[in-house]
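# Descriptive analysis of the structure
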Amino acid sequence: MLDWWLVLQWILIGFLILLALSFLVRIIRHYYHFPIPAFFTQLIDNPVRRRLVQRPDLLVERMQLKPGMIVVEIGPGKGNYTKAVAEKILPRGKVYAIDIQESVIERLKKRIKKEGITNIVPKIDNAYKLSFADESVDRVFAMACLPEIPEPVKVLRECHRILKPDGLVCLCEMFPDPDYPRRKTEKRWAAEAGFELRQEFGNWFIYQLNFGKRSG
Ligand SMILES: C[S@@+](CC[C@H](N)C(=O)[O-])C[C@H]1O[C@@H](n2cnc3c(N)ncnc32)[C@H](O)[C@@H]1O
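Keep in mind it's a predicted model, so treat the numbers as computed, not measured.

## Describing the site of the ligand
Every one of the 22 residues lining the ligand counts as a neighbour, but Pro35, Gly75, Gly77, Ala127 and Met143 are closest to it. Contributing elements (two or more residues each) for the shell around the ligand: α2 (38-44) and β2 (94-99). Residue composition of the shell around the ligand, grouped by class: 14 nonpolar, 5 polar and 3 charged.

In structure tokens form, the structure reads like this:
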């Protein structure tokens, strides 16, 4: 018979290990900055997260997507959120999945080829200097990614430049990501880059913030 008390203990131990690791990475990154290696994004994007923590269908619903939209994702990881967004903007919409690491982009290219996905464009690009024209994009989104980049306000200013006047930048964070910021921190970054809050979803430890360009 299954010993539920033992199962509970192991879940608790697992959670404490995760917390300790997250804290350790946070300290290391305070002194030495490095992008999350591609293999690690495999661990972050797991079925437990997609079912219980950050559901791709909720992201899609909250992004207010329409067929034909042009979307940029910063730091696509394994591409599961990318894929959910790409399906929603068919038939003519496109998701440009950008990352600074070649290994992430190559892995995504292989995946979309294998799965026959035609409207995801993986691209090496730097979020500090995005290769998109001014006001050419409907949505930018980043899952557990913006706070990892040392100058988030600089990235948000680039998002502001490429977004159409009615575009949205959607930022999703979760605890215990080692780079997890509080909502008010992310709101301050966005305000500094010329955005205003349009919608917020979730709770203290898992949230999504949608920002639009500040009017006036
Ligand atoms: C934590 S991972 C993304 C995880 C993924 N979004 C997920 O939810 O599973 C952050 C990614 O941001 C990328 N990154 C870091 N700095 C960047 C920059 N300046 N421009 C573009 N991508 C960057 C890293 O290479 C890394 O793949």
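## Remarks on the nonpolar core
By size, the foremost hydrophobic cluster in this structure holds 45 residues, and its most contacted members are Val72, Val85, Val140, Leu156 and Val169. The contact partners of Val72, leaving out residues within four places of it in the chain, are Tyr96, Ile98, Phe132, Val137, Val140 and Ile162.

## Focus on helix α5 (residues 80-88)
Within α5, burial applies to Tyr81, Thr82, Lys83, Val85, Ala86 and Lys88. Elements that come into contact with the buried residues of α5 comprise α4 (56-62), β1 (70-74), β2, β3 (120-124) and β4 (137-143).

## Quick word on the pairing of β4
Counting buried positions over the 7 residues of β4 gives 7, a clear majority of the element. As paired strands, β1 and β4 are joined by 3 bridges and run parallel to one another. What sits directly across from Val72, in β4, is Val140. The sheet contact formed by β4 and strand β5 (residues 163-174) spans 6 bridges and is parallel. Bridge assignment links Val140 to a residue of β5, and that residue is Val169. Handedness of the β4-helix α7 (residues 152-162)-β5 crossover: right-handed.

## A closer look at unusual backbone geometry
Trans peptide bonds make up most of the peptide bonds, and negative phi angles are found at most residues other than glycine. Of note, the bond from Leu90 into Pro91 is cis; its omega dihedral lies within 30 degrees of zero at 10°. Within the secondary structure layout, Pro91 lies in the loop between α5 and β2. Although it is not a glycine, Glu135 adopts a positive phi angle of roughly 50°. Relative to the helices and strands, Glu135 resides in the loop between β3 and β4. Overall, Glu135 belongs to the partly exposed group, with 14 C-beta atoms counted inside 10 Å. In this structure, Ala144 takes a positive phi of about 45° despite not being glycine. Position of Ala144 among the secondary structure elements: in the loop between β4 and α7. Using a count of 25 C-beta atoms within 10 Å as the deciding quantity, one classes Ala144 as buried.

## So, the environment of Tyr31
Mapped onto the elements, Tyr31 comes out in helix α1 (residues 4-31). Separated by 38 residues in sequence, Tyr31 and Met69 place their C-alpha atoms 40 Å apart.

## A closer look at the sheet that holds β4
Pairing within the open sheet is mixed, and its 7 strands lie in the order β3-β2-β1-β4-β5-β7-β6. What marks the edges here is a single partner per strand, and that holds for β3 and β6 (195-202). If you compare each strand with its neighbour and ignore which way they point, the axes differ by 20° on average. Pairing geometry for β2 and β3, over 5 bridges, is parallel.

## Some points on the packing of α7 against helix α8 (residues 183-192)
Where α7 contacts α8, the two axes come as close as 8 Å, and the packing angle between them is 50°. Compared by their axis directions, α7 and α8 come out oblique. The handedness of the crossing between α7 and α8 comes out as right-handed. Contacts from Pro152, Val153 and Leu156 in α7 reach Trp189, Ala190 and Glu192 in α8. Its residues placed into classes, the contact of α7 with α8 shows 5 nonpolar, no polar and 1 charged.

## Brief notes about the domain arrangement of the protein chain
Once the domains are mapped, the protein chain shows domain 1 (1-32) and domain 2 (36-213). The centre of domain 1, based on its C-alpha atoms, is set 26 Å off from the matching centre of domain 2.

What counts and what doesn't
- Starting afresh in each chain, residues are numbered from 1 along the sequence in its written order.
- Confidence filtering applies because this is a predicted model: local features only for residues at pLDDT of at least 70, side-chain atom pairs given and counted only at 80 or more, and all residues used for totals across whole chains, interfaces and linings.
- Here, nearness is defined through the C-beta atom: a residue counts as near a molecule or strand if that backbone-placed atom lies within 6 Å of it.
- Counting from the N terminus, the helices are the DSSP runs of H or I reaching at least four residues and the strands are the DSSP runs of E reaching at least two.
- The residue classification treats Ala, Val, Leu, Ile, Met, Phe, Trp, Tyr, Cys and Pro as nonpolar and Asp, Glu, Lys and Arg as charged. All others, Gly included, are polar.
- Take the buried Ala, Val, Leu, Ile, Met, Phe, Trp, Tyr and Cys residues, join any whose C-beta atoms are within 7 Å, and the set you get is a nonpolar core.
- Comment: burial labels come from other C-beta atoms within 10 Å of the residue's own C-beta, placed from the backbone, where a count of 20 or more is buried, 12 or fewer is exposed, and between is partly exposed.
- Our contact criterion uses C-beta atoms placed from the backbone: two residues qualify when those atoms are within 7 Å.
- Here the rule is simple: two strands pair whenever DSSP picks up at least two bridges between them.
- Think of it like this: strands point away, you trace from the first strand over the helix to the second, and a clockwise trace means the crossover is right-handed.
- Each axis is a line fitted through C-alpha atoms, and for a helix only the stretch in contact is used; angles between axes span 0 to 180 degrees, taken between their N-to-C directions.
- Orientation is classified from the angle alone, with under 35 degrees giving roughly parallel, over 145 giving roughly antiparallel, 65 to 115 giving roughly perpendicular, and any other angle giving oblique.
- Should the near helix be turned anticlockwise from the far one by less than a right angle, the crossing is left-handed, and should it be turned clockwise, the crossing is right-handed.
- Each domain span listed reflects an automatic or database assignment of domains.

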